[in-house]
Every structure is written in structure tokens, then in C-alpha cells.
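For reference, the chains in residue letters:
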Amino acid sequence: MKAFSSLSLATVLLLVKLFSSNGFTISPSAVVTTGTRTSAHPFAISRIHITPPLPNPKVSTRLEAWPQRKAAEVVVVAASAALPSIKTLFVTCLLPTLLGLVKYEYGVSYGYGTSTAVSSYLILKSLLTFPTSPLMTLVQLHAAAIIFYGARLNIFLLYRELFVARFRRMRERIESRQTVKEEGSGLLGRIVNRLPFIISCAFLYLGLAIPPLMGGRLLEMMSATHVPCEKAVLAYKALVGCTWMGFLAAALGDFIKTIVKGMKGADHLVTGGLFSLLRHPNYTGEIFGWTSSLVASLVAISMSGVGLKQLKPLAIPYALGVCGTLGIIFVLCAAATNLEARQKEKYGKSDKYNSWSAWAGITFSPKKKSE
């Protein structure tokens, strides 16, 4: 396949050189040429159009066997790096998640951040080789949002582990509970015990990286003459913006809480700023961001104009994307529910807590304690 791609690229370059040396001109990718008419196309992304000039006596003999009406329709597909495969992205998500073999909690902390950031980086790296267009820029921003989320999360986790003692103690408690469950199983038993959970997490992280990949695939499949629906483009822009907004809210929530608790003590209840609107902006922001990311990839279908038959190869990746997003929403809702219960137990008798009217986000019904 690589040899075929190299041969195709060499053929393209040879044709371009041949035609350029004989008075042909190469028009920009934002121009669509049909017959003898040329029209602007703001969303053309993957075509180089070679348009002949007026007949030239010096090269007329070379065009004798080439019908003039066909010479005006020559299109050469531009070479670009292939988008990463699902297998490649899964391995990319699995490797960092294997940190869970070292410390159980690492698989859902550093593994989570690294998997989403690196897999989205591979997608963005490929997207940057495509010819530029307004839609391609949006898909690139979509991938960049997930890179930002994963990188920011890892930086926050590292800071917390190095400088906040109570989080180190929490990590050790998690590891101790897991070690008790695995007591007497040995190293091999420990690996066998943890591997199913690690693999399931890797699939979840893969699903979270899928949406910008689908955006890139759909733009690859989109016809060069297709003009996307303006409403679909506007919706996609808004959803990519919401993805960034959700992840920025989560980052701001973590930052404010860390700073305030560092200044006023670990037991201080943070209710000001962003926390006056959202009780748990880190969880709520993540839910908002991941949901917007998935919906953006679904809107991209309408935007691309790709038919149902062409969408069949994308069915499994889309299913992974939906499962990954639903999975992380469940995890975040459970985390918000647990935090809400702990805060109520700790601060429930204080006036500050009872007057705190911020939205708790999406949470499950608390479990009733058995008497």
C-alpha cells in the first residue's frame, strides 16, 4: 500500500511537471473547474485542478490525441497523510492505560489524560497535512480541544500528586484496597486481575478520541463540488465551541478549587466564582465537553452530504464514539453523586452549605442507607 501511494504521488508530480512545462497552470484548491467555467468553492479541500490555457501553437501537436473538452476537466488528487486507523488509536490508548499495572489509580488518571491527548494528537497531525479550508480548520480545532483536555488533566494530576499530600494519601488508599483483593495472587495474578479493567478503559478512551477522526473521514469522503448546508456548518462551529467551553470550565474549576483550598485549608467549602453557578464544574464541564464533541461528529454527517451507503464503514467507529461518550458520562455522574453525598455529610449542618444554590449537575439518586 505504501509503495502504491508513493507511485501515485510520483505520477502526480510527473503530470504536474509535464503540464506546467507546456504552458498549463495549476489553479488553487478553492476553485472548482468544470468544462470551461470556473466558480469559487469555499469548502473545496482535497483537489488540485489543472486548467489549460488558450491553445498554444507550440504544444498543439501534443494535444492532438487529447480531446479539448476533456483537457479542461483534468483533476489530480492531492496527496495527504492517511488518518490513523482504529487499531493504531486503540494501541495508543492501551499503552498509557497499562500504567494501571503499576498503580491501579494511574490507569484512570494519567492513562485517561495521556490516551485522549496522544490519540487526538495523531489525528490532528494527519489533519494538518490536508489542504486548508474553513471546514478542515474546524475539525482541527475539534481535535485540538481533546489534546488540550488530556494535557491539562495530566499537568493538574502531576501537580496534585507532587504538592498536595491528601491526594497522595487517597491514591495510596485506592492501591491498598486493590492490593488486599489481589493478596496471594502473585505478579501474574495481579496482571490477569487488572487487565480486563485496563482494556475496557482503553476502549472507553478510544471512543472519546473518535469524533474528530470521524470529522476528518467525512471531509475526505465529501465531494469536491458539494456545498455544505450553512445551518449544519453553523451547528458544527457551535458544538466545537461548546467542546472547548466545557473543557475550559473543567480546567477553571480544578484551578480555582486547588488555589482556594491551598490558601484557606483542605476543609474549606468553595462556593464563590464559578462554584456559585456549578457545584462541581470539573465534572459538569467534562460532561458538557464530551457530549458536544460527540454531537459535533454526528452533525458532520449532515454537513458532508455523504450518503447512507458510504457511511457503512463508519458504523463501528461511530458506535465506539457513542459507547465511549456514554461511558464517561456515567463515570462522571457517579463521581458527582459521590462528591455531592460527601459534601452534604461534611457541611450539611452549616448555613454556608444550605444557602449554596449552585447547580449540582447531572447526578444519580443517592442510595438510601439501610437501617
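In terms of regular secondary structure, the chain is built from 12 helices and 5 strands. Across the 371 residues that make up the chain, the buried fraction comes to 44%. Considering only contacts in the chain between residues 6 or more positions apart, those separated by 24 or more positions represent 80%. Accessible area of the chain: about 20400 Å², with a carbon and sulfur share of 67%.

Another point: the confidence of the model for the chain. A low pLDDT means the predicted coordinates there should not be read in detail. Per-residue confidence for the chain averages 82 on the pLDDT scale, and 77% of its residues sit at or above 70. Contacts from residues 1–79, a stretch scored under 50 in pLDDT, to residues over four places away or in other chains number 91 contacts.

What follows concerns the nonpolar core. Tyr112, Tyr236, Trp290 and Ile328 are the most contacted members of the largest nonpolar core, which totals 55 residues. Counting residues per element, the ones that place at least two in this core are helix 3 (86–97), helix 4 (110–127), helix 5 (134–163), helix 7 (186–221), helix 8 (230–264), helix 9 (281–304) and helix 11 (315–347). Contact partners of isoleucine 328, with chain neighbours within four places excluded, come to Tyr112, Leu204, Leu208 and Trp290. Core analysis: the next-biggest nonpolar cluster, separate from the first, contains 9 residues, Ile256, Phe275, Tyr353 and Ala358 among them.

So, on to a nonpolar patch on the surface. Among the surface-exposed residues, Leu158, Tyr159, Leu162 and Phe163 lie close enough to one another that they form a single nonpolar patch of about 430 Å² accessible area. Mapping tyrosine 159 onto the fold places it in helix 5. The exposure class of tyrosine 159 is partly exposed, given its relative accessible area of 38%.

Under the criterion given, the structure shown has 12 aromatic pairs. The interplanar angle of 75° and the centroid separation of 5.3 Å between the aromatic rings of tyrosine 149 and tryptophan 290 together place this pair among those described as edge-to-face. Taken together, the positions of tyrosine 149 in helix 5 and tryptophan 290 in helix 9 put the pair 141 residues apart, joining distant regions of the chain. Using a relative accessible area of 1% as the deciding quantity, one classes tyrosine 149 as buried. In this structure, arginine 160 packs its charged tip against the face of phenylalanine 167, placed 3.9 Å from the ring centre. The ring of tryptophan 356 has arginine 279 lying over it, and the distance from NZ or CZ to the ring centre is 4.4 Å.

A few words now on the packing of helix 8 against helix 9. Where helix 8 contacts helix 9, the axes come no closer than 7 Å and their chain directions differ by 165°. The angle between helix 8 and helix 9 places the two elements in the roughly antiparallel class. The interaxial crossing formed by helix 8 with helix 9 has left-handed handedness. Looking at the contact of helix 8 with helix 9, its residues break down into 18 nonpolar, 9 polar and 2 charged.

Cut-offs applied
- Every chain is numbered independently, its residues counted from 1 as its sequence is written.
- Side-chain atom pairs in this predicted model are given and counted only at pLDDT of 80 or more, local residue features only at pLDDT of at least 70, and totals for whole chains, interfaces and linings cover all residues.
- No hydrogens and no water enter the side-chain calculation; it runs on all heavy atoms of the structure.
- Elements are defined by DSSP. Helices are runs of H or I of four residues or more, strands are runs of E of two residues or more, and each kind is numbered from the N terminus.
- In this scheme, a residue with accessible area under 20% of its type's maximum is buried, one over 50% is exposed, and one in between is partly exposed, where area comes from a 1.4 Å probe on protein chains only.
- Note on contacts: a residue pair is in contact if any heavy atoms of the two residues lie within 4.5 Å.
- To be clear on the numbers: accessible area is Shrake-Rupley with a 1.4 Å probe, and residue cover counts the displayed protein chains and nothing else.
- Per-residue confidence from the prediction method is given by pLDDT, with values spanning 0 to 100.
- Only buried residues count toward a nonpolar core, which is a set of Ala, Val, Leu, Ile, Met, Phe, Trp, Tyr and Cys residues joined through side-chain atoms within 4.5 Å.
- Each patch is built from salt-bridge-free residues with over 30% relative accessible area, joining like charges within 9 Å and nonpolar side chains (Val, Leu, Ile, Met, Phe, Trp, Tyr) within 5 Å.
- Here, a salt bridge means any Lys or Arg side-chain nitrogen found within 4 Å of an Asp or Glu carboxyl oxygen.
- Only centres within 6.5 Å qualify two rings of Phe, Tyr or Trp (six-membered ring in Trp) as a pair; their planes then separate them into stacked at under 30 degrees, edge-to-face at over 60, and tilted for everything else.
- Note on criteria: charge over ring means Lys NZ or Arg CZ within 6 Å of the ring centre, with the direction from the centre no more than 35 degrees off the ring normal.
- Here an angle of 0 to 180 degrees is reported between the N-to-C directions of two axes, which are lines fitted to C-alpha atoms, with helices fitted over the stretch in contact.
- Convention used here: angles under 35 degrees read as roughly parallel, angles over 145 as roughly antiparallel, angles from 65 to 115 as roughly perpendicular, and any remaining angle as oblique.
- For a crossing to be left-handed, the near helix must be turned anticlockwise from the far one by less than a right angle; the clockwise case is right-handed.
- For this scheme, ten residues count as nonpolar: Ala, Val, Leu, Ile, Met, Phe, Trp, Tyr, Cys and Pro. Four count as charged, namely Asp, Glu, Lys and Arg, and the remainder, Gly too, count as polar.

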